[in-house]
Amino acid sequence: MNKNITLANIKNGRSYEVEGFNPGNSAYAEKLSKMGFVKGTPVELAQVKITDPIVVQIRGSRIALRKNEAKGILVKEL
Amino acid sequence: MHKIERIAIAGVPNSGKTTLFNNLTGARQKVGNWPGVTVEKIEGSFPLQDITVELVDLPGTYNLSPDTEDQKVAERVISGGEYDLIINVIDATNLSRNLFLTMDLKERTHQIIVLLNMTDVAEKEGIKIDIERLSTDLDLPVIPIVAVDKTSVKKAVEQIEHAIEHLPPYDSPVSNREVMDTAGKYSHIDEIYSRVAQEIKDRSTNFTNKVDNIVMNRFAAIPIFLVSMFITFWFAIGLGSVFIDFFDIIGGLIFVDIPEALLEAVSSPEWLTVMIAGGIGVGCQTVATFVPVVFFMFLALGILEDLGYMARVGVVADRFMRKIGLPGSAFIPMIVGFGCTVPAVMAARTLTTKRDRFMTIFMAPFMSCGARLPVYALFCAALFGAYSGLAVFLIYLVGLFMAILTGYCLKNTLFKGTSSNFVMDLPLYHTPRIGAVFKSAWLRLRSFIKRAGVIVVAAVFVLSVLNSIGYKNGEYSFGNENSKSSILAYVGKAIGPVFKPMGISKENWPASVALFTGLFAKEAIVGTVNALYATNDISENQEVAVEKEAGGLEIGGAITEAFTTVGEGLVGVFSSFDLLGLGLISEDQATVSDEIGADTSVYQHIAANFTVFSAFAYLLFVLMYFPCLAVVGAARQEMGGYYAGVMVVYSTLLAWSVATFFYQVAEGHNLFYIMLSLVMFTGIYGWLHLLGKQEKSKVTLVAPPPVIKSCM
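Quantities reported herein were computed from a predicted structural model and do not represent experimental measurements.

Draft legend 1. Layout of the overall build of chain A. Helix and strand content of chain A: two helices and six strands. Moving toward the C terminus, one meets the helices and strands of chain A in the order β-β-α-β-β-β-α-β. Taken over C-alpha atoms, the radius of gyration comes to 11 Å for chain A, in line with the 12 Å a tight globule of 78 residues would show. If one aligns the C-alpha atoms of chain A with their principal axes, the spans along those axes are about 30 × 25 × 20 Å. Sequence-distant contacts, at least 24 apart, represent 62% of the contacts inside chain A between residues at least 6 apart.

Encoded structure:
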């Protein structure tokens, strides 16, 4: 029932986990995975009110990325 | 045991590796480029095991895949085996993402010592790290360090000396361990992390996150951004400009006046004086005038970077910068461009990819710089009257539009196929370390003087000599600067017809000659136009010698004057918000000519030689054509001679086409020229397209860098 969404659509205050690349939009996903966006990694939106680029909290650090790039990563809500 | 003589420092951006490098090497540093690429190379040396070892600071990278130029350089250096030891600096507050690079390094060499940096910050953030365990799990020596603290660095050096004794033999093959894929590496890292690190505090409410909540708040983000950008501009351009006249006067004294006086004292031949004082001397003086703005710009960038706000600038500005195909971080070079193009070109090096850097450099000269303003002011006062403000505004707007057009054009031609992206790590905020910031600005300034300076001096030399040598009645003479008999004037006259389509008639040759002196600095156009129209007035037989500066060397006077300008400038910069100097634009001819050092009679000449439309076309050309020599020098330093050349040709052709198109549509109504300018636009586009294709085939021809096999 946990339908996969992309990183670009995650919501504030909820916890997610990286599922993998989005096959339809993976141009940049390879590079992102090297930055730590690999399957099973917890990720959430930082409490920052900027909507694009989005700022996510992952592996103890904050990364800003464009929504367009974020679309390359699939996540599931925990 | 293998003797350690050359060491490379590797680490992710913001891991503190440069701080460590600074504290290790002290003053023994130099900045250059890695061979064949335009990636900055910082070298130094420090004592280790009783000898002086060479140390190089590798570009900051997250991994060693050849995605960016920086990463390619790091990969090549590490795989090439040139260095006996890799010091891998990792940030204790961001362990898991830093360890990825460590994994990549391990695939390529055994000779690694890990320095776990910012252990103090990690403690504050509530992260506890079991260093011994980390060392066992990584199978590498791990030494804790606080890179900003000199005592800690000293202690670490002793530990490094000790650890070297226990490194595996230098020539032992890199392990048979299979090369892991990305997911494999991270799951390995996660395993290690769970064993060695403990997070005992919730970090979501730490200082950095609190600041970010304000700085990147929906309402406060833009005002804070604008204020900080204003301060940056004020600092780099406003404060930097205060010292321009000072450097100009002192530079003139040291490089031009004193050598000239000395040469005259030993009664050297005139040609020698012209070459040394008028050529090389003036070249050095030109470079000297850029010293303050370049220095202050690097200072401003260093402070923003060290503070941690630079990354946030990128985030906030990305929204609109992406529309022109650039990441948000390109905003600063663009804004600095309104002050001076030279530091703007150099600021582009803060961008991560070659494409973004080069595109920014191509676009920066279209941001109308402060040196072009006196030219606008002169022509506006002569012709536009009450519409001066509007005219100047339009010119700035055209510049902006041309920059955007250039971005669009390059995206589809020269840099086709490489898309822009924006992924940026947001580092923790911390207080800038002023000493380190000053030092890095000084190093970069020195490298600008050395590397861009050479080409500037050479080009200024050639132009100055051509400007000085004159030919009249079968005799050559010197000292013909800004007169109608200099070689430069002949060239200008000869080339005059080229400017006819944009409304500059043959009789108006001073305007085309001035375009050549404008290469020194665009404001030089004012002086040339002023002088040439004036001499043109006087009939041939009673031509007066071009006014020579009052004879005699007045060292004391010059120095006093130099200091006075600093005082006056400081008063100005703290009392006025008009950083662009737009106050110069006014209808009052007397005020303007007084400010820019032209005679009031020049207005009648301009009015007689130009129409409103041809003047505007001329100003459009001045806005866009061949950037001044210092910019070319800086562009060559940042992009190499080839791309700097492409940029110069591109901007000059574009300037001609735009000016011609405007003039012909507005006034000339010559269908042929209108068509010609349109054909030129297409031609420029096609040419860039061709270059882009060539570039691509060149890339595939280059052999891939040697990769050390991981399975032996």
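Read on, since the account is not over.
Draft legend 2. The confidence of the model for chain B, seen in detail. All names here are of chain B. Averaged over chain B, the pLDDT score is 85; the fraction of residues at 70 or greater is 93%. Overall, residues 538-550 carries pLDDT values under 50, and its contacts beyond four positions in sequence, including any with other chains, amount to eight contacts. Confidence drops under pLDDT 50 across residues 700-712; counting only partners more than four residues distant or on other chains, this segment forms 15 contacts.

Draft legend 3. Summary view of the domain arrangement of chain B. All names here are of chain B. Along its sequence, chain B is carved into domain 1 (6-203) and domain 2 (206-459 + 554-574 + 597-712). One C-alpha centre belongs to domain 1, the other to domain 2; they are set 36 Å apart. At the junction of the two partners, domain 1 supplies 27 residues and domain 2 supplies 24 residues. Among the secondary structure elements, those contributing two or more residues to the side of domain 1 that touches domain 2 are helix H1 (17-25), strand E2 (29-33) and helix H2 (69-80). Among the elements that make up the side of domain 1 that touches domain 2, the one with the highest residue count is H2 (six residues).

Draft legend 4. The packing of helix H18 (residues 434-468) of chain B against helix H26 (residues 629-639) of chain B, seen in detail. All names here are of chain B. One can describe the packing of H18 onto H26 by two numbers: an axis separation of 8 Å at closest approach and a directional angle of 135°. Our classification of the angle between H18 and H26 gives oblique. For the crossing formed where H18 meets H26, the hand is right-handed. Residue-level inspection shows Phe448, Arg451, Ala452, Gly453, Ile455, Val456, Ala459 and Val460 of H18 in contact with H26, the latter providing Leu629, Ala630, Val632, Gly633, Ala634, Arg636 and Gln637. Partitioning the contact of H18 with H26 into residue classes produces 10 nonpolar, three polar and two charged.

Draft legend 5. Representation of the sheet that holds strand E8 (residues 142-144) of chain B in the model. All names here are of chain B. With mixed pairing, the seven strands of this open sheet are ordered in space as E2-E3-E4-E1-E5-E6-E8. In this open sheet, the two edge strands, each paired with only one partner strand, are E2 and E8. Each adjacent strand pair in this sheet contributes to an overall mean axis angle of 25°, direction not counted. Pairing of E2 with strand E3 (residues 40-48), which is carried by five bridges, proceeds in the antiparallel orientation. The residue bridging Gln29 from the neighbouring strand is Gly44, located in E3. Sitting on the sheet, helix H3 (residues 95-106) touches strand E1 (6-11), strand E5 (85-91) and strand E6 (112-117), and the angle it makes with E5 is about 165°.

Draft legend 6. Just the environment of Glu568 of chain B, in detail. Residue and element names in this part refer to chain B. Relative to the helices and strands, Glu568 is located in helix H22 (residues 555-575). A count of 12 C-beta atoms within 10 Å places Glu568 in the exposed class. Note: C-alpha distance between Glu568 and Asp130 (438 residues apart in sequence) is 59 Å.

Draft legend 7. Molecular detail of the pairing of E5 of chain B. Residue and element names in this part refer to chain B. Most of E5 sits out of view: seven of its seven residues are buried. Residues of E5 alternate between two faces, with Leu85, Ile87, Val89 and Asp91 on one and Ile86, Asn88 and Ile90 on the opposite face, all of them buried. Pairing between E1 and E5: five bridges, direction parallel. Bridge assignment links Ile9 to a residue of E5, and that residue is Ile87. The pairing of E5 with E6 spans six bridges and is classified as parallel. If you follow Asn88 over to E6, its bridge partner there is Val114.

Draft legend 8. Main features of the interface of chain A and chain B. Across the boundary between the two partners, chain A contributes 25 residues, which contact 28 residues of chain B. Mapped onto the side of chain A that touches chain B, the elements with two or more residues apiece are helix H1 (29-34) and strand E5 (61-65) of chain A. Among the elements that line the side of chain A that touches chain B, the one with the most residues is E5 of chain A, at five residues. Broken down by class, the residue content of the side of chain A that touches chain B amounts to 11 nonpolar, five polar and nine charged. Sheet topology note: the E5 of chain A/strand E10 (residues 423-426) of chain B ladder contains four bridges and is antiparallel. Counted as the bridge partner of Ala64 of chain A is Met424 of chain B from E10 of chain B.

Draft legend 9. Spatial organisation of helix H11 (residues 270-307) of chain B. Residues and elements named next belong to chain B. The terminal C-alpha atoms of H11 lie 54 Å apart, and with 38 residues this matches the ideal 56 Å at 1.5 Å per residue to within 8%. Bending of H11 peaks at approximately 35° at the position of Val291, with proline Pro292 no more than four residues after it. With 30 of its 38 residues buried, H11 lies for the most part within the structure. At the C-terminal side of H11, Gly308 shows a positive phi close to 100°.

Draft legend 10. View of the sheet that holds strand E6 (residues 73-77) of chain A. Here we have seven strands laid out as an open sheet, ordered E1(A)-E6(A)-E2(A)-E3(A)-E4(A)-E5(A)-E10(B), and antiparallel in their pairing. The open sheet has two edge strands, strand E1 (5-6) of chain A together with E10 of chain B, and neither has a second partner. Contacts from helix H12 (residues 309-321) of chain B reach strand E4 (54-58) and E5 of chain A together with E10 of chain B within the one sheet, and its direction differs from that of E10 of chain B by about 140°.

Draft legend 11. Geometry of the pairing of E5 of chain A. Residue and element names in this part refer to chain A. Of all five residues in E5, five are buried; the element is thus mostly enclosed. Both faces of E5 are covered, namely the face carrying Ser61, Ile63 and Leu65 and the face carrying Arg62 and Ala64. Of the strand pairs in this sheet, E4 and E5 are connected by five bridges, and their pairing is antiparallel. Among the inter-strand pairings, Val56 is bridged to a residue of E5, identified as Ile63. From the end of E4 to the start of E5, which pair antiparallel, there are two residues, and Arg59 there has a positive phi angle of about 50°.

Draft legend 12. Geometry of the nonpolar core. Residue and element names in this part refer to chain B. One finds Met297, Leu619, Leu620 and Phe621 to be the most contacted residues of the largest nonpolar core, which totals 246 residues. Here this core takes 17 residues from H11, the largest share from any one element. Viewed by domain, this core spans two of them, domain 1 (6-203) and domain 2 (206-459 + 554-574 + 597-712), each represented by three or more residues. Not counting chain neighbours up to four residues away, the residues in contact with Phe621 comprise Met502, Ala655, Trp656 and Ala659.

Draft legend 13. Fine view of the environment of Val39 of chain B. All names here are of chain B. Mapped onto the fold, Val39 is located in the loop between E2 and E3. Taking the C-alpha atoms as reference points, Val39 and Asp70, separated by 31 residues in sequence, lie 6.5 Å from one another. Ignoring sequence-local partners within four residues, the contact set of Val39 consists of Asn33, Trp34, Pro59, Glu69, Asp70 and Val73.

The rules behind the values
Residues numbered from 1 in each chain as written. Chains lettered and ligands numbered in written order. Predicted model: local features only at pLDDT ≥ 70, side-chain atom pairs only at ≥ 80, totals over all residues. Helix = DSSP H or I, 4+ residues; strand = E, 2+ residues; numbered from the N terminus. Rg over C-alpha atoms; globule rule 2.2 N^0.38 Å. Contact = placed C-beta atoms within 7 Å. pLDDT = per-residue confidence, 0-100. Domains from an automatic or database assignment. Axes fitted to C-alpha atoms, helices over the stretch in contact; angles between N-to-C directions. Parallel < 35°, antiparallel > 145°, perpendicular 65-115°, else oblique. Left-handed = near helix turned anticlockwise from the far one by under 90°. Nonpolar A, V, L, I, M, F, W, Y, C, P; charged D, E, K, R; others polar. Pairing = 2+ DSSP bridges. Buried ≥ 20, exposed ≤ 12 C-beta atoms within 10 Å, placed from the backbone. Expected span 1.5 Å × (residues − 1). Bend = angle between axes of the 7 residues up to and from the residue. Core = buried A, V, L, I, M, F, W, Y, C linked by C-beta atoms within 7 Å.

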